[in-house]
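One-letter residues, chain by chain:
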Amino acid sequence: MTKFIAVGPHAGKTITLGRFEFVDGVYEYEGPADEEHLVAKTLEDQFSAVREDRAEEAQATYDDLVAKIALEEPKQTPS
């Protein structure tokens, strides 16, 4: 079994992404080993979910990107 962790906006959520059921942000793949690479690619490319061993790094990258975008947004001044 391989665990995939949702990162970004779906982190920690119980949610269905495509045909994949995440519970508390975790999807447990128990299918054939020869199909695991396709599942991994689909989850990462389409749903921001990565293998458990990459989750911490992926979430940190997401958090850094969100912070960078927030700094680049123009500040609104009250009228």
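Going by the structure above, here's the rest.
Computed from a predicted structure; not experimentally measured.

Some details on the pairing of strand S1 (residues 2-6)
And step 1. Counting buried positions along S1 yields four of five residues, so the element is predominantly enclosed.
And step 2. Bridging between S1 and strand S4 (residues 26-29) involves four bridges; their strand directions are antiparallel. Note on S4: the bridge partner recorded for phenylalanine 4 is tyrosine 27.
And step 3. Pairing of S1 with strand S5 (residues 49-51) involves three bridges; the strand directions are antiparallel. Directly across from isoleucine 5, in S5, lies its bridge partner valine 50.

Section: the nonpolar core
And step 1. In terms of nonpolar packing, the biggest core is built from twelve residues, these being Phe4, Ala6, Leu17, Phe20, Phe22, Tyr27, Tyr29, Val39, Ala40, Leu43, Phe47 and Ala49.
And step 2. Within the second largest apolar cluster, five residues are counted, among which are Ile5, Val7, Val50 and Ala58.

Considerations on helix H2 (residues 55-72)
And step 1. The first and last C-alpha atoms of H2 sit 26 Å apart over 18 residues, in line with the 26 Å expected at 1.5 Å per residue.
And step 2. Taken together, the buried positions of H2 are Ala55, Ala58 and Gln59. Projected down its long axis, H2 shows its buried positions confined to an angular sector of 100°, all on one face. Exposed and facing more than 90 degrees away from the buried side of H2 are Glu56, Glu57, Asp64, Leu71 and Glu72.

What counts and how
Residues numbered from 1 in each chain as written. Predicted model: local features only at pLDDT ≥ 70, side-chain atom pairs only at ≥ 80, totals over all residues. Heavy atoms only, no water. Buried < 20%, exposed > 50% of the residue type's maximum accessible area, 1.4 Å probe, protein only. Helix = DSSP H or I, 4+ residues; strand = E, 2+ residues; numbered from the N terminus. Pairing = 2+ DSSP bridges. Core = buried A, V, L, I, M, F, W, Y, C linked by side-chain atoms within 4.5 Å. Expected span 1.5 Å × (residues − 1). Arc of directions from axis to C-beta.

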